[in-house]
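Each chain, written out:
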Amino acid sequence: MTRRHKYRMIALALVHVYIAFHMIAWHIFGIEIWGKTAMMGVPSLAKGTINAASIMVILILGSILIFGRGFCGWVCHMRGAIEFADWALLKLKIPRYQKIRDKNLLINTPHRWLLRIGALFVLLLPVIILVHNTGFQPKVSAMTPPPLADLPGYEGKAFAKTAWFNIDINPTWHDFFTAFGLALFIQFTMSVVLNLRYGQGAFCRVLCPYVTLMVPLMNRSPLQAKITRVAQCTGCRDCSNACPQGIDVSREIWHFDGKVTNLECIKCYACIDACDDNVLRDTALPAVPQTDRLKPYEKRPWQQEVVRKDGLLSNSRHMQVFEPLGPVADFVSLIVALVCGGITSRFGGFWFYPGAILSFIVFRECCLFVTRWVSEMRTRSAVASGKV
Ligand code: SF4
Ligand code: SF4
Ligand code: SF4
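Residues numbered from 1 in each chain as written. Chains lettered and ligands numbered in written order. Predicted model: local features only at pLDDT ≥ 70, side-chain atom pairs only at ≥ 80, totals over all residues. Heavy atoms only, no water.

Points about the overall build of the chain
What counts here: Strands are runs of DSSP state E lasting at least two residues, helices are runs of H or I lasting at least four, and both sets are numbered from the N terminus onward. Only protein chains enter the accessibility calculation, which uses a 1.4 Å probe; a residue is then buried when its area is under 20% of its type maximum, exposed when over 50%, and partly exposed in between. We call two residues contacting when some pair of their heavy atoms lies within 4.5 Å. Accessible surface area values rest on a Shrake-Rupley calculation with a 1.4 Å probe, where residue burial reflects the displayed protein chains alone.
Counting its secondary structure elements, the chain contains 16 helices and eight strands. Out of the 388 residues in the chain, the part that is buried amounts to 46%. Of the contacts made within the chain by residues no fewer than 6 positions apart, 74% connect residues no fewer than 24 positions apart. Per element, the accessible surface of the chain, about 19900 Å² overall, is 68% carbon and sulfur.

Have a look at this one:
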C-alpha cells in the first residue's frame, strides 16, 4: 500500500467519522446549522432552497472544473463503503469475487445512463411531488434540513413513522449509536451485494444519480487536472490493471494526447502508484509526446465489441464488460427496483436502497437466465431440425 493510498483510505474513513459527529451534534447537542451531506443538497437545489446542503453540492460540482471527480475518490461516503466492501470481500476469499478481481472484470449494463438518470429521478421524486403540491418557492435558509431524517433512529423511532412495525427508542447515546450502526450496515451491505455482482466500484459505475450531474462538467475547463503522461510509456499496462474504475489508462494516454479523458476517472491515483516508471502525473499541463513506439496499440486500435465465452459483451474502449440485456430489460429493472424500493421504504426512506438494489439484481439475474435459456432452446431446435 502506498502512502497516498493510505491517506485516501484515511480520508474515506474520516468522512464516516464526520457523519457521526454531525449527527451527534444535531441530535444530541441541537447544533442545527452545520454542513450537510450531499444527499439533501440536490433535492434542496431542485426545490429552490439555498442552504448548507445545496451550497455543498455547488462546491462539489464546481470543484470538478479544477480537480475532476476528486470528490468521488477522496470524500464520498459511498466510495468509502464500496472500497471497504472490496476489502472485506477479498478478505473473505469469496471465489466469485476473486475471479472477478483476478480477471479485472468490471461488469456493467449497456445502458447505464438510463439507470443513472432513473436513479436521479428517484432522488428527486419527493421534490417533484412537493413542488407539484405546494408550488416552487425559492428561499434562502441558513438551517439545513434535518440530517438524514429518514435514517433509522430519527425522531425516536427505529423505522419510519409510516412503517407498520416500529420500535420506540429514546435518543440516548446508546440508541443513537445503534441507529448509526444500522445505517452503516445498510450502506455497506448494499456495497457488498453490488460489488459481488458487478465488480469493484459497482455503485458508482451503474447506479449513482450524482454522476448524472458530475459527468457533464468533466473535461470542460482547461484548468482541470487530468492523469497525464510525463515520460515515455512502455505499454506494460500495470496502470490499466490497477484502475478501480476499469479505465484503460495505458490506451487512454496513447490515444488522447497523453491524457486520461475518461469521464469515470475519480482521481484515486492507483494508476500513478502502479507505474514503476513514473510516467503519470495529475496535472493540467500538456503531456510529454510519446516518441517510443507501442506497436500493439498501433496495430489494434480500440477493440470492437465482441461476445465473450461467458456470454458477456466486451468492449476494451471502456475496459468494461456488459450484460447482454437490451434497453427494455434495463428500463424494466429500474421500474422493478423503484416498486420494490418503494415497498421497503415503508420502513424508512433509507430502506429504499436495499430493497431497490436487491430487486434490481435479482430481476436482472432472472432476465439473464431467461435469455440464456431461450438461446439454448433455439440452438437445440436448430440442431434438431438440421439447420446447424
Ligand atoms: S460516483 Fe456517486 S457514489 Fe460513486 S463516489 Fe462519486 S458521488 Fe459517490
Ligand atoms: S485513471 Fe487513475 S486516477 Fe483515474 S480512476 Fe483510474 S486509477 Fe484512479
Ligand atoms: S503508464 Fe506506466 S504503468 Fe501504464 S503502461 Fe505506461 S509504463 Fe506501464
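Focus on the site of ligand 2
Quick reminder of the rule: Put simply, a residue is near a molecule or strand once any heavy atom of it comes within 4 Å of that molecule or strand. Residue polarity is assigned by list, with Asp, Glu, Lys and Arg as charged and Ala, Val, Leu, Ile, Met, Phe, Trp, Tyr, Cys and Pro as nonpolar; anything else, Gly included, falls into the polar class.
In the neighbourhood of ligand 2, 13 residues make up the surrounding shell, with Cys 243, Cys 265, Cys 268, Tyr 269 and Cys 271 lying closest. Residues belonging to the shell around ligand 2 are distributed by class as follows: eleven nonpolar, one polar and one charged.

Examining helix H15 (residues 327-344)
The condition that has to hold: To estimate the expected span of a helix, subtract one from its residue number and multiply by 1.5 Å.
Taking 1.5 Å per residue, 18 residues should reach 26 Å; H15 reaches 26 Å between its end C-alpha atoms and fits that length. Of the surrounding secondary structure, the elements contacted by the buried residues of H15 are helix H7 (112-134) and helix H16 (352-384).

Thoughts on the environment of Val 15
Within the secondary structure layout, Val 15 lies in helix H1 (residues 3-27). By relative accessible area, Val 15 is classed as buried at 15%. Spatially, the C-alpha atoms of Val 15 and His 77 are 6.1 Å apart, while their sequence positions differ by 62 residues. In this structure Val 15 touches Val 75 and His 77, once residues within four positions along its chain are discounted.

Quick notes on a nonpolar patch on the surface
Our working definition: A patch is a set of surface residues, each over 30% in relative accessible area and not in a salt bridge, joined within 9 Å for like charges and within 5 Å for the nonpolar side chains Val, Leu, Ile, Met, Phe, Trp and Tyr. Take a side-chain nitrogen of Lys or Arg and a carboxyl oxygen of Asp or Glu: if they are within 4 Å of each other, that pair is a salt bridge.
Taken together, the side chains of Leu 114, Val 328, Phe 331, Val 332, Ile 335, Val 339 and Ile 343 define a hydrophobic patch exposed on the protein surface, amounting to about 600 Å² of accessible area. The element best represented in the nonpolar patch is H15, accounting for six residues. In this structure, Leu 114 sits in helix H7.

Quick notes on a positive patch on the surface
Definition in use: When charges are counted, Lys and Arg are positive and Asp and Glu negative, with His and the chain ends excluded. By convention, charge coordinates are those of NZ in Lys, CZ in Arg, CG in Asp, or CD in Glu.
A cluster of like positive charges, contributed by Arg 96, Lys 99, Lys 103 and Lys 309, occupies part of the molecular surface. Along the chain, Arg 96 turns up in helix H6 (residues 95-102).

Describing the pattern of salt bridges
Overall, the coordinates contain 15 salt bridges when judged by the stated rule. Glu 323 is the salt-bridge partner of Arg 197, the closest N and O atoms lying 2.8 Å from each other. Taken together, the residues Arg 197 in helix H8 (residues 173-198) and Glu 323 in the loop between strand S8 (320-322) and H15 connect sequence positions 126 residues apart. Among the residues examined, Arg 197 registers a relative accessible area of 11% and is labelled buried.

What to know about the site of ligand 1
Arg 69, Cys 72, Cys 76, Met 78, Arg 79, Phe 203, Cys 204, Cys 208, Val 211 and Met 214 make up every residue found near ligand 1. Counting only elements with at least two residues in the shell around ligand 1, the list comes to helix H5 (77-91), helix H9 (202-206) and helix H10 (211-214). Taken together, the residues of the shell around ligand 1 break down into eight nonpolar, no polar and two charged.

Topic: the packing of H7 against H15
Note the cut-off: Angles shown run from 0 to 180 degrees and are taken between the N-to-C directions of axes, each axis being a line fitted to C-alpha atoms and, for helices, limited to the stretch in contact. By the definition adopted for this analysis, an angle is roughly parallel if under 35 degrees, roughly antiparallel if over 145, roughly perpendicular if from 65 to 115, and oblique otherwise. In this scheme, a crossing is called left-handed if the near helix is turned counterclockwise away from the far one by less than a right angle; it is called right-handed if the turn is clockwise.
In the contact formed by H7 and H15, the axes pass within 10 Å of each other and the chain directions differ by 25°. On the basis of the axis angle, H7 is roughly parallel to H15. The element H7 and its partner H15 pack so that their crossing is right-handed. Here Leu 114, Leu 115, Gly 118 and Val 122 of H7 come into contact with H15, specifically with Pro 327, Asp 330, Phe 331, Leu 334 and Leu 338.

Thoughts on the environment of Ile 186
Relative to the elements of secondary structure, Ile 186 occurs in helix H8. Measuring from C-alpha to C-alpha, the distance between Ile 186 and Pro 354 comes to 6.9 Å, with 168 residues separating the pair along the chain.

Some points on unusual backbone geometry
You will see that Lys 93, though not glycine, has its phi angle at about 55°, which is positive. Take Lys 93: it is sitting in the loop between H5 and H6. Non-glycine residue Tyr 269 carries a positive phi angle of around 70°. Judged by its relative accessible area of 16%, Tyr 269 falls in the buried class.

Side note on the packing of aromatic side chains
Note the following rule: Geometry of aromatic contacts follows a simple scheme: Phe, Tyr and Trp rings, the Trp one being its six-membered ring, pair when their centres are within 6.5 Å, and the pair is stacked under 30 degrees between planes, edge-to-face over 60, tilted otherwise. When the NZ atom of lysine or the CZ atom of arginine is within 6 Å of a ring's centre and also within 35 degrees of its normal, the charge is said to sit over that ring.
According to the stated counting rule, one finds five aromatic pairs in the structure shown. Seen from their ring centres, Phe 84 and Trp 87 are 5.6 Å apart, and the 35° between their planes marks the pair as tilted. Of this pair, Phe 84 and Trp 87 are both found in helix H5, three residues apart, which corresponds to roughly one turn of the helix. We classify Phe 84 as partly exposed; its relative accessible area is 41%. Taking the centre distance of 6.4 Å and the plane angle of 50° together, the rings of Tyr 198 and Phe 360 count as tilted. Separated by 162 residues along the polypeptide, Tyr 198 in helix H8 and Phe 360 in helix H16 bring together distant segments of the chain. Members of the aromatic cluster, joined through ring pairs, are Phe 84, Trp 87 and Phe 188. Directly above the aromatic system of Trp 113 lies the positively charged group of Arg 116, at a separation of 5.2 Å from the ring centroid.

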